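# Overview (structure and organization)
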Amino acid sequence: MFPIRHTASRGLITISPLLISIFSAGTHAEQARQLPEMTVEGESVAGPAIFQIDLEQAPVTTPDAAELLRRAPGANVNRNGPLTGIAQYRGMYGDRVNVQVNGMNITTGGPNGMDPPLSYIPRAQLESLEVIRGIAPVSSGLETIGGTMKATARTSHFNSGDSFTPSADVSVGGATVDSSYTLGAFGALANKNHRMHIYGSKEKGDDYEFPDGKVRPSEYDRKNGGIGYGFQDNGHEVGLNYRHNRTDDTGTPSLPMDIDYIDTNIFESEYNGAFGAYDVHGQVFYNDVDHKMNNYSLRNPPMPMMTRQNKSSSDGLGYRVDAGFALGAGRLLLGTDGQLGKHDATVTDPINNPNFYVEAYNNVKRNAFGAFAEWEGNIASNWGLLLGGRYTRVNSTSGDVSHFMAGMNPAINTLQTQFNDADKDNNQNNFDLVAKFDHDYSSRLGFNIEAGIKNRAPSYQQLYLWVPLQSTNGLADGKNYVGDIDLNKETAYEAGLGLDWNTPRGYISPRIFYRYVDDYIQGTPATDPTVIMVSTANGDPNPLQWSNVDARLYGIDMNWGASLSSHWSLDGVISYVRGKRDDISDNLYRIAPLNGSATLSYTRANWWVGLEGVAYARQDDVSKTNDETESAGYGLANLRGGIELMHNLAINVGVENIFDKQYQNHLSGINRVADSDVPVGERVPGAGRNYYATLQYRFN
Ligand SMILES: [Cu+2]
């Protein structure tokens, strides 16, 4: 996202400094600097519609930005590897959550979710990470059934003068638990008309330690960088940005293979400007991904002759044009957007069998086109309304596939022929509706109520996986899956209630929600004997097939805090969600258990210290269908601190998991690697005691 978005008037409402200081948990120096820029898109009156994660409290050495989601109410992360964090919000994850990077939807390249959107902004380059609370406005994305999150990378900003002023930022960090280091650098040059910047980061870590040994493979190696330019004159601004990501050997112990490399180019362009009473915004972006993964570079294959490699490539083109203008006691935003994605993936065996190949996906296309209208304003004194409607058309199709065994193996031949003879088009019409009411009961108490209908068309894996494989966008349940070309879209009916109570001494913002999902897409036991035969030969006699079922998700999440004295404060987050099938008696898979965290902070002008407690309850509401195992609860303690040594030099230090506790987070996957200190079939344990330090130098 380009900086003009922070000041443009298209539906952005600056919230009061009081609310900002209340809802941003920490009150650290870094954050205080960012406060004046903060705006809220969405609700207008009572409470924070967006939860902005406090980056200052979290170490720069955490390589994966998705890890920070645990700090937002209702949010969490499904972890399959150190750089492979899949965003979860209120029990939905993967394609269901609209995760935007600089306002873009990245067309990711890993058919098993190895490069989720947040993997494209390394922690060291992250400027902000926001979670829209509750039902996401229809303007926030094409498909937002599971909510919207926004990650924004550092960028350059215009200043007020004619002469160019430089600014720079360098950070260095290290952590003991995985012997890792992080390097980040950002430089910018700007005047009132031009701005330009260049940036880069590198992170490298070894297999991390837990109290009983090491998790193998959990090493990582990522380089990410780019350049950007912006021009503004007379109220019009254009921005351009190019980013390149190169991930090399990185473990994903919960998946059948590890990352060999991920090579991604991202091109962004954006326009903002005013035409009379109309604020116009447009963006066009493109990305391509070249990706290889295998089961022999970082681990031993399950059997010596079973070496496998998967090469995949994807590219995506996205656009958006919207215009906002005053209408009644509010503003109307009209827009159109689109996302065109293409995917290919082929499994080979370059080590033991050069003839081996399976086209898992060939020339798969998923094109979404949308249009929306959203009005936001006051409908009475102390009553605010956001009302939006959207239509999105999603067209998916696939090319023909082939398998090297089709000529010899009648079962594979049957599956291949069935798929190639089928009409592979799947077209969906999604109508979304959202209404959010806000009521200011008093200056300290506000209520909100919201309802929405949201849709999601099936993902390409759910439609076009024709041969039983573990290709599920990172479910990591160890099951073979096949798709179904005739899947219907999912439709969620959701309602939520919340209140925001703020006083100078404390605040609390609970939200409760209930969501019924008609035609929820879930793997159910495959019944086609040919599928079962091929899957059995492939190691899983009980494959699943993507199907439309029904589901319910409900829960409560909140942030809260208390100001204990002028220097002491206590802030926390609690999240609870329950996910159930509605057609049979079963639970949804990989749902975060009840969890919470609280930080006791002591803050002075130039330094702060925080003692953080994190607690997860046991999860015994597990999915029988996905053979999900239960997990035990646990508690962790972390100690963090920061100091500004000089005006421009800051040091952050900390120790995480102080008591070196052995624990397994429910959302970390099941270990599939034999040559690890974790038994195969056990949930991957969390990291042991970790000391970290980062040093950041800013020049501006
Ligand atoms: Cu992959």
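What comes next is a walk through the structure.

Definitions and cut-offs
Residues numbered from 1 in each chain as written. Predicted model: local features only at pLDDT ≥ 70, side-chain atom pairs only at ≥ 80, totals over all residues. Heavy atoms only, no water. Helix = DSSP H or I, 4+ residues; strand = E, 2+ residues; numbered from the N terminus. Rg over C-alpha atoms; globule rule 2.2 N^0.38 Å. Buried < 20%, exposed > 50% of the residue type's maximum accessible area, 1.4 Å probe, protein only. Contact = heavy atoms within 4.5 Å. Areas by Shrake-Rupley, 256 points an atom, 1.4 Å probe, with all protein chains shown as cover. Pairing = 2+ DSSP bridges. Axes fitted to C-alpha atoms, helices over the stretch in contact; angles between N-to-C directions. Donors = N, O, S within 2.8 Å, 3.2 Å for Na, K, Ca; no water. Polar contact = N/O pair within 3.5 Å; in protein donor to acceptor, adjacent residues only side chain to side chain. Phe/Tyr/Trp six-rings, centres within 6.5 Å; stacked < 30°, edge-to-face > 60°. Lys NZ or Arg CZ within 6 Å of the ring centre and 35° of its normal. Arc of directions from axis to C-beta. Salt bridge = Lys/Arg side-chain N within 4 Å of Asp/Glu carboxyl O.

Across its full length, the chain holds six helices and 34 strands. Taken over C-alpha atoms, the radius of gyration comes to 24 Å for the chain, in line with the 27 Å a tight globule of 700 residues would show. Projected onto its principal axes, the C-alpha positions of the chain cover 70 × 55 × 50 Å. Looking at the 700 residues of the chain, the share that counts as buried comes to 61%. Of all intrachain contacts in the chain linking residues separated by at least 6 positions in sequence, the fraction that spans at least 24 positions is 69%. In the form shown here, the chain has an accessible surface area of approximately 25,600 Å², with 59% of it arising from carbon and sulfur atoms.

The next thing to look at is the sheet that holds strand β8 (residues 126-132). Spatially, β3-β8-β9-β7 is the arrangement adopted by the four strands of the open sheet, whose pairing is mixed. With one partner strand each, in any of the chains shown, β3 (50-52) and β7 (98-101) form the two edges of the open sheet. Neighbour to neighbour, the strand axes of the sheet diverge by 20 degrees on average, direction disregarded. Pairing between β7 and strand β9 (residues 148-153): four bridges, direction parallel.

Next up on the list: the coordination of the copper ion. As a benchmark, a tetrahedral metal site with four donors has ideal angles of 109.5 degrees, while an octahedral site with six donors has ideal angles of 90 or 180 degrees. Protein-derived ligands of the copper ion are Met114 (SD), His291 (NE2) and Met293 (SD), with the metal-ligand distances lying across 2.0 to 2.4 Å. The sequence motif formed by the donor residues of the copper ion is M-x176-H-x1-M. Separated by 177 residues along the polypeptide, Met114 in the loop between β7 and β8 and His291 in strand β18 (residues 278-294) bring together distant segments of the chain. Here the two residues Met114 and His291 agree in accessibility, since each one is buried.

You can call His291 buried: its relative accessible area is 1%. A polar atom in the side chain of His291 sits 2.9 Å from the backbone oxygen of Tyr261. In this structure His291 touches Gly109, Gly110, Met114, Ile259, Tyr261, Ile262, Asn310, Lys311 and Ser312, once residues within four positions along its chain are discounted.

This part is about the sheet that holds strand β5 (residues 84-89). Pairing in this open sheet of three strands is antiparallel, and the strands run β4-β5-β6 from one edge to the other. Each of the sheet's edge strands pairs with one partner strand only, and the pair in question is β4 (75-81) and β6 (92-93). Where β4 lies against β5, six bridges are found, and the strand directions are antiparallel. Within β5, the residue paired with Asn78 across the bridge is Ile86.

This part is about the pairing of strand β28 (residues 544-563). Here strand β25 (residues 481-482) runs beside β28; their pairing, made up of two bridges, is parallel. Note that in β28 the partner of Tyr481 across the bridge is Leu544. Summarising the sheet, strand β27 (residues 506-525) and β28 pair through 18 bridges and their orientation is antiparallel. Bridge pairing links Thr524 to Gln545 in β28. A loop of four residues connects β28 with strand β29 (residues 568-581), the two strands running antiparallel in sequence.

The buried fraction of strand β32 (residues 634-644) amounts to eight of the 11 residues, a majority that puts the element mostly inside the structure. Sheet analysis places strand β31 (residues 607-616) next to β32, joined by 10 bridges and oriented antiparallel. Residue pairing in the sheet places Tyr616 in a bridge with Tyr634 of β32. Relative to strand β33 (residues 649-656), β32 is paired through six bridges, and the arrangement is antiparallel. Note on β33: the bridge partner recorded for Gly642 is Asn652.

Before going further, it helps to spend a moment on the packing of aromatic side chains. Under the criterion given, the structure shown has 17 aromatic pairs. On the numbers, 5.2 Å between centres and 10 degrees between planes, the contact of Tyr616 with Tyr634 is stacked. Taken together, the positions of Tyr616 in strand β31 and Tyr634 in strand β32 put the pair 18 residues apart, joining distant regions of the chain. Of the two residues, Tyr616 and Tyr634, neither departs from the other in class, the shared state being buried. Taken together, Tyr242, Phe267 and Tyr286 form an aromatic cluster joined through their ring pairs. Above the ring of Phe158, the side-chain terminus of Arg195 is found at 5.3 Å from the ring centroid.

Right, let's talk about helix α6 (residues 529-537) for a bit. Buried within α6 are the following residues: Thr530, Val531, Val534 and Ser535. Along α6, the residues classed as buried sweep out an arc of 130 degrees about the axis, all on the same side. Opposite the packed face of α6, turned more than 90 degrees from it, sit the exposed residues Pro529, Met533 and Ala537. Tucked into the core, α6 has its buried residues touching α4 (410-421) and β25. One side-chain oxygen at the N-terminal end of α6 lies 2.9 Å from the backbone nitrogen of Thr530; it belongs to Asp528.

With that out of the way, let us pick up the pattern of salt bridges. In the structure shown here, the tally under the stated rule is 41 salt bridges. As a salt-bridge pair, Arg90 and Glu494 come within 3.8 Å of each other at their nearest N and O atoms. In this pair, Arg90 is assigned in the loop between β5 and β6 and Glu494 in strand β26 (residues 490-503), connecting sequence segments 404 residues apart. An identical accessibility class is assigned to Arg90 and Glu494; each is buried. Linking Arg640 and Glu656 is a salt bridge whose minimum nitrogen-to-oxygen distance equals 3.0 Å. Highlighted residues: Arg640 in strand β32 and Glu656 in strand β33, separated in sequence by 16 residues. Taken together, the salt bridges that share partners define one network made up of Arg90, Arg133, Glu494, Arg515 and Asp557.

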